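A look at the structure
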Amino acid sequence: MRVAVPPSAARRAPRVFLAAIASLAALTSMAGCAAPRVARSIDGQIIEGRFIAAQAYALYAIGAEAEARGDLATALEAYELAEDGDPDSADIWTRIGSVRCRLGRGEAAGAAFERARAIEPDYEPAYREQARCDLSAGRLDAALGRIDRAISLDPERDDGALLRAEILRRLGRTGDARLALRALVVRRPWSTEAWRALHAAAVEAGDRAVAEQAARRLRELAAPGAGVPGRRVSSGGHLAEVDEALVLGQLRRARRLARDADLTPAEVAVRAAALGRLGEAREQAELVSAADPASASALVALAVAADLSGDLDALTRACDALDLSTAAGGPTAAPSRLARLLFAELLFRRVGRDAALTWLGPPPPALGAPDTLSQEVERRVRRELVGAP
């Protein structure tokens, strides 16, 4: 049985929508016994794992999309309902703890983090998110201990290193903070977040030489064409940071940065697809589509990622969903400029030039200058359709 409501109604009355899914989840859980094990193919490797009920996955997707928009009340309600259907998920409990903390419910947040670690003792995000919560509450020594543990579990995460530097700064250990940030910019010389943090720490400490070095590097990174070697990313402040995070495979960081760039969750998936990050594009598109099945941009990102990875079943499902959203009266929002270009390119590969031109139609009204990534894709599509009107 499938329950679906118009996405616009879900946004107007999220609690009614969540309650409907929760009721369905309760009914279906009464019919089950022990949770079965399932096998999933991840990067060509078969991994056995826990079965995750469709309702829990959909609720988690709603929570992630709401959290990305800053709607913390809806996010928490969705995550807590998802936990009812999947109580053994360290990820869900970590998100519950993080959102509770941001809502000022510190004691309940701590209990959620403890529950996440009880399920998976070495789950790095649980330590990192609780360290962030401790920092916001002024528990600096506890925060430092937890972020050190998180970094020992996953030393490659930029957000862990940045958080540790901020904790050291708040503890008054400004020299250690600058040393940690200098190590980070050596490892991640294209990270504007790292250089910005180093600049702020140097200014605060009166270290003029380091502050000038960081400011000079930030200007270089803001120049058109600056980016990760072998992969150009868009210039333009926050948008460039989103693209950089996607190129580095840091999807959760990209989601966080997207809020500062005024980028919708669906457009994060589209940009990941345009940058060739198919895993990130698909994961983000599936989350958005579960929360808003009529999101045209998310469905385009899902179709493009499926096509480029050779998953014909997923490509068919995404295209069918695009057809259904059109038949039902249109998607919640028209596909973005970049999504239109990517889907035209897909049609050119799969069907031909005429189909691509029909999909593109007349140019939409200009909404300001397109970013570098959109311009690159548009130039590529034009080359592919050369000779067409």
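About the thresholds
- Residues numbered from 1 in each chain as written.
- Predicted model: local features only at pLDDT ≥ 70, side-chain atom pairs only at ≥ 80, totals over all residues.
- Heavy atoms only, no water.
- Salt bridge = Lys/Arg side-chain N within 4 Å of Asp/Glu carboxyl O.
- Helix = DSSP H or I, 4+ residues; strand = E, 2+ residues; numbered from the N terminus.
- Buried < 20%, exposed > 50% of the residue type's maximum accessible area, 1.4 Å probe, protein only.
- Phe/Tyr/Trp six-rings, centres within 6.5 Å; stacked < 30°, edge-to-face > 60°.
- Lys NZ or Arg CZ within 6 Å of the ring centre and 35° of its normal.
- Core = buried A, V, L, I, M, F, W, Y, C linked by side-chain atoms within 4.5 Å.
- Contact = heavy atoms within 4.5 Å.
- pLDDT = per-residue confidence, 0-100.

All right, on to the pattern of salt bridges then. What the rule picks out here adds up to 35 salt bridges. The partner of Asp-122 in a salt bridge is Arg-149, with the nearest N and O atoms 2.6 Å apart. Taken as a pair, Asp-122 in the loop between helix H6 (106-119) and helix H7 (124-136) and Arg-149 in helix H8 (residues 140-153) lie far apart in primary sequence, 27 residues in all. Residue Arg-149 is classed as partly exposed on the basis of its relative accessible area of 32%. When the shortest N-O distance is used, the salt bridge between Arg-253 and Glu-193 registers 2.5 Å. One end of the pair, Arg-253, is in helix H14 (residues 251-260); the other, Glu-193, is in helix H11 (residues 192-205), with 60 residues separating them in the sequence.

Here the focus is the packing of aromatic side chains. All told, the structure shown has one aromatic pair when counted by the stated rule. Measuring from centroid to centroid gives 5.5 Å for Tyr-60 and Tyr-79, while their planes differ by 50°, and the two rings are tilted. A residue pair is termed long-range when its members are at least 10 positions apart, and Tyr-60 in helix H3 (residues 54-69) and Tyr-79 in helix H4 (residues 72-85) qualify at 19 residues. Accessibility assignment for this pair places Tyr-60 and Tyr-79 in one class, buried. The ring of Tyr-127 has Arg-117 sitting right over it, with the charged end atom 4.9 Å from the ring centre. In this structure, Arg-149 packs its charged tip against the face of Tyr-127, placed 5.6 Å from the ring centre.

Right, let's talk about the nonpolar core for a bit. For soluble globular proteins, nonpolar side chains are generally found buried alongside one another. Core analysis: the largest hydrophobic core is formed by 46 residues, its most contacted members being Val-242, Leu-246, Leu-338, Leu-342, Phe-343 and Val-377. Ranked by the residues each element gives to this core, the list is headed by helix H17 (residues 296-308), at nine residues. Not counting residues up to four positions away in its chain, the partners in contact with Val-377 are Ala-274, Leu-338, Leu-341 and Leu-342. Counting residues in each nonpolar core, the second largest holds 21 residues, with Leu-59, Ala-64, Tyr-123 and Leu-287 among its members.

Low-pLDDT portions of the prediction should not be read for the details of their coordinates. Confidence in the prediction of the protein chain, expressed as mean pLDDT, is 77, and 76% of residues score 70 or more. Considering only residues more than four positions removed or in separate chains, one finds that residues 19-49, a stretch of pLDDT under 50, has 31 contacts. Predicted confidence is poor over residues 365-369, with pLDDT under 50, and the contacts of this stretch with residues over four places away or in other chains come to zero contacts.

The subject of this paragraph is the environment of Glu-267. With respect to the helices and strands, the residue Glu-267 is situated in helix H15 (residues 265-274). Here Glu-267 falls in the buried class, since its relative accessible area comes to 11%. Sequence separation of Glu-267 and Ala-301 is 34 residues, and the distance between their C-alpha atoms is 8.5 Å. What Glu-267 contacts, discounting residues up to four positions off in sequence, is Ser-297, Ser-336 and Leu-338.

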